[in-house]
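# Geometric and topological summary
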Number of protein chains: 2
Amino acid sequence: MKIIALLAISLLVIVQPCLSQDLASWKETPAKERILKFVEEVTDSSSSKFVPEPDRLAVFDNDGTLMLERPQYAHLAFLESLAATRPDVRRDSLLSRIQRYVYGDFYWLLQFERGMKGEEYQAAVANWIGDAVDPRFHMPVTKWAYEPMLELLRLLAARGFAVYICSGSDTDFLRGFSGSVYGIPAERVIGSTPVWDLRYSDSGLDLLRDGRKVNIDLNEYKAINIFNRTGKRPLIAGGNANGDLQMLLLSQGSPSATLQLLIAHDDADREYAYQDDTDQVRQNAASFGWQLVSMKDDWGKVFQ
Amino acid sequence: MKIIALLAISLLVIVQPCLSQDLASWKETPAKERILKFVEEVTDSSSSKFVPEPDRLAVFDNDGTLMLERPQYAHLAFLESLAATRPDVRRDSLLSRIQRYVYGDFYWLLQFERGMKGEEYQAAVANWIGDAVDPRFHMPVTKWAYEPMLELLRLLAARGFAVYICSGSDTDFLRGFSGSVYGIPAERVIGSTPVWDLRYSDSGLDLLRDGRKVNIDLNEYKAINIFNRTGKRPLIAGGNANGDLQMLLLSQGSPSATLQLLIAHDDADREYAYQDDTDQVRQNAASFGWQLVSMKDDWGKVFQ
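These remarks concern the structure in this document. (Residues numbered from 1 in each chain as written. Chains lettered and ligands numbered in written order. Predicted model: local features only at pLDDT ≥ 70, side-chain atom pairs only at ≥ 80, totals over all residues. Heavy atoms only, no water.)

Residue and element names in this part refer to chain A. It is at 6 Å that the axes of helix 9 (residues 220-230) and helix 10 (residues 245-252) come closest, and there the two elements cross at 50 degrees. Considering the angle they form, helix 9 stands oblique to helix 10. For helix 9 against helix 10, the interelement crossing comes out right-handed. Across the interface between the two elements, Glu-220, Lys-222, Ala-223 and Ile-226 of helix 9 pack against Gln-246, Met-247 and Leu-250 of helix 10. Within the contact of helix 9 with helix 10, the residues separate by chemical class into four nonpolar, one polar and two charged. (Axes fitted to C-alpha atoms, helices over the stretch in contact; angles between N-to-C directions. Helix = DSSP H or I, 4+ residues; strand = E, 2+ residues; numbered from the N terminus. Parallel < 35°, antiparallel > 145°, perpendicular 65-115°, else oblique. Left-handed = near helix turned anticlockwise from the far one by under 90°. Contact = heavy atoms within 4.5 Å. Nonpolar A, V, L, I, M, F, W, Y, C, P; charged D, E, K, R; others polar.)

So this is what it looks like as structure tokens:
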């Protein structure tokens, strides 16, 4: 009896992965079909489109592609929380309001990072992430990720892809949750980077955030940073706005088969409906035949 | 009989790795002892110095630390070979000689990269590397690596370290051989990066080397680039000159146990003896107690 039970359990362990359906939250539409077919072809050694494992690079934008970006980017929400820990700065004073108007939200908030070490910043993000909630769905940031995209990341990892984030948000901000939410380790996060102040002391060297300037990872810098980082073109690239155009075009220009995904925010009921800042990327999607992914039509559910 | 033979083979397969000695080309000196002890402690989960695998980052300079840098950096030798493929440039003309004198070897040679795509450059390096030989030992570049350092890289990889190169040489140049010579994949190479020209076409986007400007990965940029790339401080850092100082200090400043290695070129017979551009790094090595590695006294052999 024991042996039969063991055999049954073993069989279950072996068969179970085959039973679990890839991209289960995706509807049965051409988008899902095309993604699954592409992944199948580039990972099948007998296919003419086969790509060896070390060259299987997949790169995704973060905000609006992997997770909710409305009404506020997660990174900005975090900076607001940093500002709130500084009672010495009267944020509602006339001076603060004028400065904020002049510099814009982002550069005004950046000052609150000033003097933080890289590690301190990562720890502050990891600490904040559990508490922060969005105002509409009341979900903590850890739940902002789109379930269909999490399934795609898992599928790609299982098929030998190295999956990277390439985002305009801060690199160490993203590192605060990329591992726990996406399963993406710190070294596979490409984002904006602070200008660093170097502080030498008896204990060695610390890197401190300057709090004023930043190297923004958007547009052409996404393409440049991906290539500098990996020495490769993405086999799969996914984005949702004009800032992702060059990253998608870098992938498009590869001599091998590639797949580009453009996430469309067209679901006002379950997420949001907006097309801001997407004209160029939509035009290129049409001419190159990139895969549009409609939240409304292609996703069975949006969040977990 | 067959079963006994099988058992004997199995036993050999199991026991063999234990018989092979770590750092076999190192002499039995305090340097070897300290390195082995450190690696043992940070990878032993019962040790107070234990560091979990995802945080085991090791970073090494390339030229003069992992491989021969005299009489000419490998990267410069490669650029010379690129120049030689351009018969339209009369390198011995008076104009060329004046320009070379004014700009210096490196910036003069850089012009020959101009317009090359990242992939083309990597392929050119991989193609060149087999032919190029150094003038003294007549070894191809693939043999320039120091055998004791190759053994150290293998030991660290076997103990769960992510091993990176961080070098002033060009990133895509290093990628041309980092995999085959060091077992270090393209995404773990941190080096100088070109300024890229973007070329949009009907087939997508290409990145072309500008051939004039370059972001040099030396001094403070080594520390900054390591942290931007990995979000971590190195557990082990190795270098040989002042350009490696900040990288070593970044490692030094970690709250965990760390190890810094400084390779000393003091073996005129088997390699070279020189101390150029090492004053700051030697001074810091003395005050922080970094491990000096003498080629002459600590290495049983230098090359394979």
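In this structure, the largest pocket occupies an estimated 950 Å³ of space. Looking at the lining of the largest pocket element by element, the count peaks at seven residues for strand 3 (residues 189-201) of chain A. Counted as a void, the second largest pocket has a volume near 710 Å³. Asp63(B), Glu69(B), Tyr73(B), Leu218(B) and Asp277(B) are the residues nearest the centre of the second largest pocket, which is lined by 41 residues in total. Sorting the residues of the lining of the second largest pocket by element identifies helix 3 (74-84), helix 4 (94-110), strand 2 (162-170), strand 3 (189-201), strand 4 (204-215), strand 6 (259-264) and helix 10 (279-288) of chain B as the ones contributing at least two each. Here the element with the most residues in the lining of the second largest pocket is strand 2 of chain B; it accounts for four residues. When grouped by side-chain class, the residues that make up the lining of the second largest pocket number 15 nonpolar, 13 polar and 13 charged. (1 Å grid on protein atoms, 1.4 Å probe; cavity = no way out; pocket = protein on both sides within 12 Å on 5 of 7 lines; lining within 4 Å. Points joined across faces, edges and corners; volume = space filled by probe spheres on them.)

Residue and element names in this part refer to chain B. Sheet architecture is open: seven strands sit in the order 4-3-2-1-5-6-7, paired in mixed fashion. For this open sheet the edge positions go to strand 4 and strand 7 (291-294), each flanked by a neighbour on one side alone. If you compare each strand with its neighbour and ignore which way they point, the axes differ by 30 degrees on average. Bridge count between strand 1 (residues 57-60) and strand 5 (residues 236-239): three bridges; the pairing is parallel. (Pairing = 2+ DSSP bridges.)

This part covers helix 4 of chain B. Residue and element names in this part refer to chain B. Over its 17 residues, helix 4 runs only 19 Å from end to end, short of the ideal 24 Å by more than 12%, given 1.5 Å per residue. Taken as a whole, helix 4 carries its principal kink of about 115 degrees at Gly-104. Those residues of helix 4 that fall on the buried side of the exposure criterion are Ser-96, Trp-108, Leu-109 and Leu-110. The inward-facing, buried residues of helix 4 abut helix 3 and strand 4. (Expected span 1.5 Å × (residues − 1). Bend = angle between axes of the 7 residues up to and from the residue. Buried < 20%, exposed > 50% of the residue type's maximum accessible area, 1.4 Å probe, protein only.)

Residues and elements named next belong to chain A. Assignment of secondary structure puts Leu-76 in helix 3 (residues 74-84). Judged by relative accessible area, Leu-76 falls into the buried class, the value being 16%. Linking Leu-76 and Asp-170, residues 94 residues apart in sequence, is a C-alpha distance of 9.8 Å. Beyond its immediate sequence surroundings of up to four residues, Leu-76 is in contact with Phe-106 and Leu-109.

Looking now at the relation of the copies chain A and chain B. Rotating chain A by 180 degrees and translating it 0.0 Å along the rotation axis places it on chain B, where the RMSD comes to 0.0 Å. The superposition operator between the copies reduces to a two-fold rotation axis. Looking at the rotation axis and the C-alpha trace of chain A, the residue lying nearest is Arg229(A), at 3.9 Å. Comparing contact sets, 100% of the residues at the interface of chain A also lie at the interface in chain B, consistent with an isologous, same-surface contact. (Least-squares fit on C-alpha atoms with pLDDT ≥ 70 in both.)

Further remarks concern the interface of chain A and chain B. Contacts between the two partners involve 37 residues from chain A, matched on the other side by 37 residues from chain B. Summing both sides of the interface, chain A and chain B together bury roughly 3,000 Å²; the carbon and sulfur share of this comes to 55%. For the chain A face of the interface with chain B, the top three residues by lost area are Leu205(A), Phe227(A) and Asn228(A), together amounting to 19%. For the pair chain A and chain B, the interface holds six salt bridges. A salt bridge links Arg233(A) to Asp206(B), with the shortest nitrogen-to-oxygen separation between them at 2.4 Å. Only helix 5 (118-129), helix 7 (171-175), strand 3, strand 4 (204-215), helix 9 and helix 10 of chain A provide two or more residues apiece to the side of chain A that touches chain B. Looking at the side of chain A that touches chain B element by element, the count peaks at seven residues for helix 9 of chain A. Residues of the side of chain A that touches chain B, tallied by class, amount to 13 nonpolar, 13 polar and 11 charged. (Buried area = accessible area lost by both parts, 1.4 Å probe. Salt bridge = Lys/Arg side-chain N within 4 Å of Asp/Glu carboxyl O.)

Residue and element names in this part refer to chain A. Following the criterion strictly, the structure yields 30 aromatic pairs over all chains and no others. For the ring pair Phe-78 and Tyr-121, a centre distance of 5.3 Å and an interplane angle of 90 degrees mean the geometry is edge-to-face. Of the two residues, Phe-78 is situated in helix 3 and Tyr-121 in helix 5; the sequence distance between them amounts to 43 residues. Like Tyr-121, Phe-78 is buried. Here Arg-209 stacks its cationic end above the ring of Tyr-121, 3.5 Å away from the centre of that ring. (Phe/Tyr/Trp six-rings, centres within 6.5 Å; stacked < 30°, edge-to-face > 60°. Lys NZ or Arg CZ within 6 Å of the ring centre and 35° of its normal.)

Attention shifts here to the nonpolar core. One finds Phe60(B) and Tyr182(B) to be the most contacted residues of the largest nonpolar core, which totals 66 residues. Ranked by residues supplied to this core, first place goes to helix 3 of chain B with seven residues. The next biggest cluster of nonpolar side chains, apart from the first, holds 65 residues, and it includes Leu68(A), Ala74(A), Leu174(A) and Ile184(A). (Core = buried A, V, L, I, M, F, W, Y, C linked by side-chain atoms within 4.5 Å.)

Moving on to the pairing of strand 2 of chain B. Residue and element names in this part refer to chain B. The buried fraction of strand 2 is high, at eight of nine residues. Relative to strand 2, strand 1 runs parallel, the two sharing four bridges. The partner of Ala-58 across the bridge, within strand 2, is Val-163. Summarising the sheet, strand 2 and strand 3 pair through three bridges and their orientation is parallel. Bridge pairing links Asp-170 to Ser-192 in strand 3.

Coordinates in, geometry out; function isn't part of it.
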